[in-house]
Amino acid sequence: MSKVLILEDDQQVAQLLQIALEQKGHTAIWADTGEEALAHLPHADLLALDLGLPDVDGVQFLNRVREIRPRLPVLVLTAKGDEQTKVYCLEIGADDYMTKPFSVLEFVARVNALLRRAYGAPKIKIHGLQLDEEGYRASLDGKPLKLSKTEFALLRTLASAPGRVWSRNELLEAVWGIDFDGTDRVVDVYINMLRKKLGDDSRDPRFIETMVGVGYRMREPKPQNPTPT
Ligand code: CA
């Protein structure tokens, strides 16, 4: 959905963030030097910026970013949790700020909040289906579709990354949250309810494919009908 540029010299941290973002349907580009990040800057929708970098000063880099992309949402990551650094970052144009160590889930939530603030709630269009985050509105071939909040979240999760195979556990975590303590059977139950509402045939699906022994995925659109981002 969105391109998130991560400037972070710690490969392990970068990879965790990358995986978490991609699970939510974003494209994550990792740069470990300022120079590399600058090359990707024109195409980025958001920058996650580690302030402690070996080759450039993070704060100077942020100033440079502001010259090139004045309105790009920037989420600063830093080891320094002091009030002074925080205030300074916000003053020189960071939009949000997280102190390490932080939860990856919170990171993704903050990224999404910044993206929504900057570009509005995303609309997903695929296979005649339209999902509007604002108000949980959904329609199919132009006709409104009545979905519960959970059904909407499940459909949005699948539709936000067409072609990506989700295990039941991954869907549980993405839709029901890590605190959910039921069984993963609930995923199958909800997939069946969704299929009914979508009029989808599991043997010849227009939308949701069963990956036997693995989980589910949203069918990829045909190349001549690309998904708008
Ligand atoms: Ca660092």
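Residues numbered from 1 in each chain as written. Predicted model: local features only at pLDDT ≥ 70, side-chain atom pairs only at ≥ 80, totals over all residues. Heavy atoms only, no water.

A word on the pairing of strand S1 (residues 3-7)
Then comes step 1: Taking burial as the measure, the five residues of S1 include four buried ones, the bulk of the element.
Then comes step 2: Relative to strand S3 (residues 46-50), S1 is paired through four bridges, and the arrangement is parallel. Bridging across to S3, Ile6 finds its partner in Ala48. (Buried < 20%, exposed > 50% of the residue type's maximum accessible area, 1.4 Å probe, protein only. Helix = DSSP H or I, 4+ residues; strand = E, 2+ residues; numbered from the N terminus. Pairing = 2+ DSSP bridges.)

With respect to the coordination of the calcium ion
Each pair of donors in an ideal octahedron of six around a metal sits at 90 or 180 degrees, and each pair in an ideal tetrahedron of four sits at 109.5 degrees.
Then comes step 1: Looking at the calcium ion, the protein donor atoms are Asp9 (OD), Asp50 (OD) and Gly52 (O), and they sit 2.3 to 2.4 Å from it.
Then comes step 2: Counting the intervening residues between successive donors of the calcium ion yields the motif D-x40-D-x1-G.
Then comes step 3: Given a relative accessible area of 3%, Asp50 falls into the buried group. (Donors = N, O, S within 2.8 Å, 3.2 Å for Na, K, Ca; no water.)

Topic: helix H3 (residues 58-68)
Then comes step 1: Within H3, the full set of buried residues consists of Gly58, Val59, Phe61, Leu62, Val65 and Arg66. For H3, the arc enclosing every buried residue in end-on projection is 155°, short of the 170-degree limit, so these residues lie on one face. Turned more than 90 degrees from where H3 packs its buried face, Gln60 and Glu67 sit exposed.
Then comes step 2: Buried-residue contacts for H3 involve S1, helix H2 (34-40), S3, strand S4 (74-78) and helix H4 (83-91). (Arc of directions from axis to C-beta. Contact = heavy atoms within 4.5 Å.)

Concerning the packing of helix H6 (residues 149-159) against helix H7 (residues 168-176)
Then comes step 1: Relative orientation of the contacting elements H6 and H7 amounts to 125°, with a least axis distance of 9 Å. On the basis of the axis angle, H6 is oblique to H7. The two elements H6 and H7 cross, and the hand of that crossing is right-handed. Here Thr150, Ala153, Leu154, Thr157 and Leu158 of H6 lie close against H7, whose contacting residues are Leu171, Ala174, Val175 and Trp176. (Axes fitted to C-alpha atoms, helices over the stretch in contact; angles between N-to-C directions. Parallel < 35°, antiparallel > 145°, perpendicular 65-115°, else oblique. Left-handed = near helix turned anticlockwise from the far one by under 90°.)

What to know about the sheet that holds S3
Then comes step 1: Ordered by their spatial adjacency, five strands build an open sheet running S2-S1-S3-S4-S5, and the pairing between neighbours is parallel. Two strands in the sheet have a free side with no partner beyond their single neighbour: strand S2 (27-31) and strand S5 (96-99). This sheet shows a mean twist of 20° between the axes of neighbouring strands, independent of strand direction.
Then comes step 2: The pairing of S1 with S2 spans five bridges and is classified as parallel. Within S2, the position partnered with Ile6 by the bridge is Trp30.
Then comes step 3: Relative to the sheet, helix H1 (residues 11-23) contacts S1, S2 and S4, its axis offset from that of S2 by approximately 165°.

Notes on helix H5 (residues 104-119)
Then comes step 1: Counted at 1.5 Å a residue, the expected span for H5 with its 16 residues is 22 Å, and the 22 Å between its end C-alpha atoms agrees.
Then comes step 2: By the burial criterion, the buried members of H5 are Phe107, Val108, Val111, Leu114 and Leu115. The buried residues of H5 all sit within an arc of 125° when viewed along its axis, so they share a single face.
Then comes step 3: Contacts made by the buried residues of H5 are with S1, H1, S3, S4 and S5.
Then comes step 4: The backbone nitrogen of Leu105 has a side-chain oxygen 3.3 Å away, supplied by the residue at the start of H5, namely Ser103.
Then comes step 5: Phi turns positive, to about 85°, at Gly120, one or two residues after H5. (Expected span 1.5 Å × (residues − 1). Polar contact = N/O pair within 3.5 Å; in protein donor to acceptor, adjacent residues only side chain to side chain.)

Observations concerning the domain arrangement of the protein
Then comes step 1: The domain architecture assigned to the protein consists of domain 1 (3-119) and domain 2 (123-218).
Then comes step 2: Measuring from the centre of the C-alpha atoms in domain 1 to the corresponding centre in domain 2 gives 30 Å.
Then comes step 3: If you look at the interface, domain 1 gives five residues, while domain 2 gives seven residues.
Then comes step 4: A buried area of about 450 Å², summed over both sides, lies between domain 1 and domain 2, and 46% of it is on carbon and sulfur atoms.
Then comes step 5: When residues of domain 1 are sorted by the area they lose upon contact with domain 2, Gln23, Lys24 and Leu105 head the list and together hold 76% of the total.
Then comes step 6: Here domain 1 and domain 2 share zero salt bridges between them.
Then comes step 7: Inspection of the region where domain 1 meets domain 2 yields zero residue pairs in polar contact (both at pLDDT 80 or more).
Then comes step 8: Along the lines of polarity and charge, the residues of the side of domain 1 that touches domain 2 split into one nonpolar, two polar and two charged. (Domains from an automatic or database assignment. Buried area = accessible area lost by both parts, 1.4 Å probe. Salt bridge = Lys/Arg side-chain N within 4 Å of Asp/Glu carboxyl O. Nonpolar A, V, L, I, M, F, W, Y, C, P; charged D, E, K, R; others polar.)

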